[in-house]
Amino acid sequence: MSPPAVDAGAETTAERATLAGLGRRWRVLASPPGDGAHNMAVDAALLAHARRTGEATLRTYTWRRPTLSFGRHERTRDLYSAERIAAHGVDAVRRHTGGRVLLHHHELTYSVTAPVGGATLAESYAAINALLRAAIARLGATVVVAARTTSSLRPEG
């Protein structure tokens, strides 16, 4: 699969870009800093929009406060205390995606919302990865793809 082509103006908020690897138009959206609940609500709205219109969005955003985001299916009951988390000045939210808990703070986060169909999941990941590598390289950073491992990490318990 060849790397996606990105329009020259794709770095500008809400510009449109075409990802050749996914064969669809994309909106590129740079959101201002938000709290966890706001960031997750925007992602949910973009997902609903993608389902309704077929439009895909690559969104970047930052976090106003330290925030724990828990994966969609991650067990939290009896493992985490909302009171203790809040006592440390940290917010907590549930992500619409899987995975384990992440602490967000002083970082740039991205989300991809797109309708299902067209490309395989592997092709979609490869095209999105290529877009992100190209964007990071444009900023002047050296981008190296990590070597694949033969096994994945397993959660304890």
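Described in the following lines is the structure provided in the data block. Throughout this description, residue numbers start from 1 for each chain and increase along the sequence as written. Only residues with pLDDT of at least 70 are given local features in this predicted model, and only at 80 or more are side-chain atom pairs given and counted; all residues enter the totals for whole chains, interfaces and linings. Working from all heavy atoms in the structure, the side-chain values ignore hydrogens and water.

**Concerning the overall build of the chain**
Part 1: Tallying secondary structure elements over the chain gives three helices and seven strands in all.
Part 2: Listing the helices and strands of the chain from first to last along the sequence gives β-β-α-β-β-α-β-β-β-α.
Part 3: Only protein chains enter the accessibility calculation, which uses a 1.4 Å probe; a residue is then buried when its area is under 20% of its type maximum, exposed when over 50%, and partly exposed in between. Expressed as a percentage of the 157 residues in the chain, the buried residues total 28%.
Part 4: Two residues form a contact once any of their heavy atoms are found within 4.5 Å. Taking contacts inside the chain between residues at least 6 apart in sequence as the whole, the part at least 24 apart equals 65%.
Part 5: Of the roughly 10,500 Å² of accessible surface on the chain, 56% is carried by carbon and sulfur atoms. Labels follow the DSSP assignment, with helices taken as runs of H or I lasting at least four residues and strands as runs of E lasting at least two, numbered in each case from the N terminus. Here the accessible surface of atoms and residues is derived via Shrake-Rupley with a 1.4 Å probe, and residues count as covered only by protein chains that are part of the display.

**A word on the pattern of salt bridges**
Part 1: By salt bridge we mean one thing: a side-chain nitrogen of Lys or Arg within 4 Å of a carboxyl oxygen of Asp or Glu. Counting across every chain of the model gives three salt bridges.
Part 2: With its nearest N and O atoms 3.0 Å apart, the salt bridge here joins D91 to R65. Residue D91 is found in strand β5 (residues 91-94), and its partner R65 is found in the loop between β3 (56-61) and β4 (67-70); the two are separated by 26 residues along the sequence.

**Description of unusual backbone geometry**
Part 1: With phi around 70 degrees, D78 is a residue other than glycine that occupies positive phi space.
Part 2: With respect to the helices and strands, D78 occurs in the loop between β4 and α2 (82-87).
Part 3: With a phi close to 50 degrees, H106 is a non-glycine residue in the positive phi region.
Part 4: Mapped onto the elements, H106 comes out in the loop between β6 (102-104) and β7 (109-113).

**Here we look at helix α1 (residues 36-53)**
Part 1: Between its first and last C-alpha, α1 extends 26 Å over 18 residues, near the 26 Å set by a 1.5 Å rise per residue.
Part 2: If you check which residues of α1 are buried, you get G36, N39, M40, D43, L46 and A50. Buried residues of α1, viewed axially, fall in a sector of 120 degrees; they line one side. α1 presents A37 and R52 as exposed residues on the side facing more than 90 degrees away from its buried surface.
Part 3: In this structure D35 caps α1, since a side-chain oxygen of it lies 3.3 Å from the backbone nitrogen of A37.
Part 4: Backbone geometry just downstream of α1 places G54 in the positive-phi region, at approximately 85 degrees. To estimate the expected span of a helix, subtract one from its residue number and multiply by 1.5 Å. As used here, the arc is the angular range of directions from the helix axis to the C-beta atoms. As used in this structure description, the phrase polar contact means that two N or O atoms lie within 3.5 Å; if the pair is within protein, one of them must be able to donate a hydrogen and the other to accept it, and residues adjacent in sequence are counted only when both atoms belong to side chains.

**Observations concerning the packing of aromatic side chains**
Think of a pair of aromatic rings as described by two things: how far the centres are apart, and how the planes are tilted against each other in angle.
Part 1: Aromatic pairing here means that ring centres of Phe, Tyr or Trp (its six-membered ring) are within 6.5 Å. Orientation follows from the plane angle: under 30 degrees is stacked, over 60 is edge-to-face, and everything else is tilted. A full pass over the atoms with the stated rule returns two aromatic pairs.
Part 2: With 5.6 Å between their ring centres and 55 degrees between their planes, Y61 and W63 make a pair best called tilted.
Part 3: Judged by relative accessible area, which is 8%, W63 ranks as buried.
Part 4: Both rings, one in F70 and one in Y80, keep their centres 4.7 Å apart while their planes meet at 65 degrees; by these two values the pair is edge-to-face. Placement of F70 in strand β4 and of Y80 in the loop between β4 and α2 is noted, with a sequence separation of ten residues between them.
Part 5: By relative accessible area, F70 is classed as buried at 6%.
Part 6: Overall, Y80 belongs to the partly exposed group, its relative accessible area being 37%.

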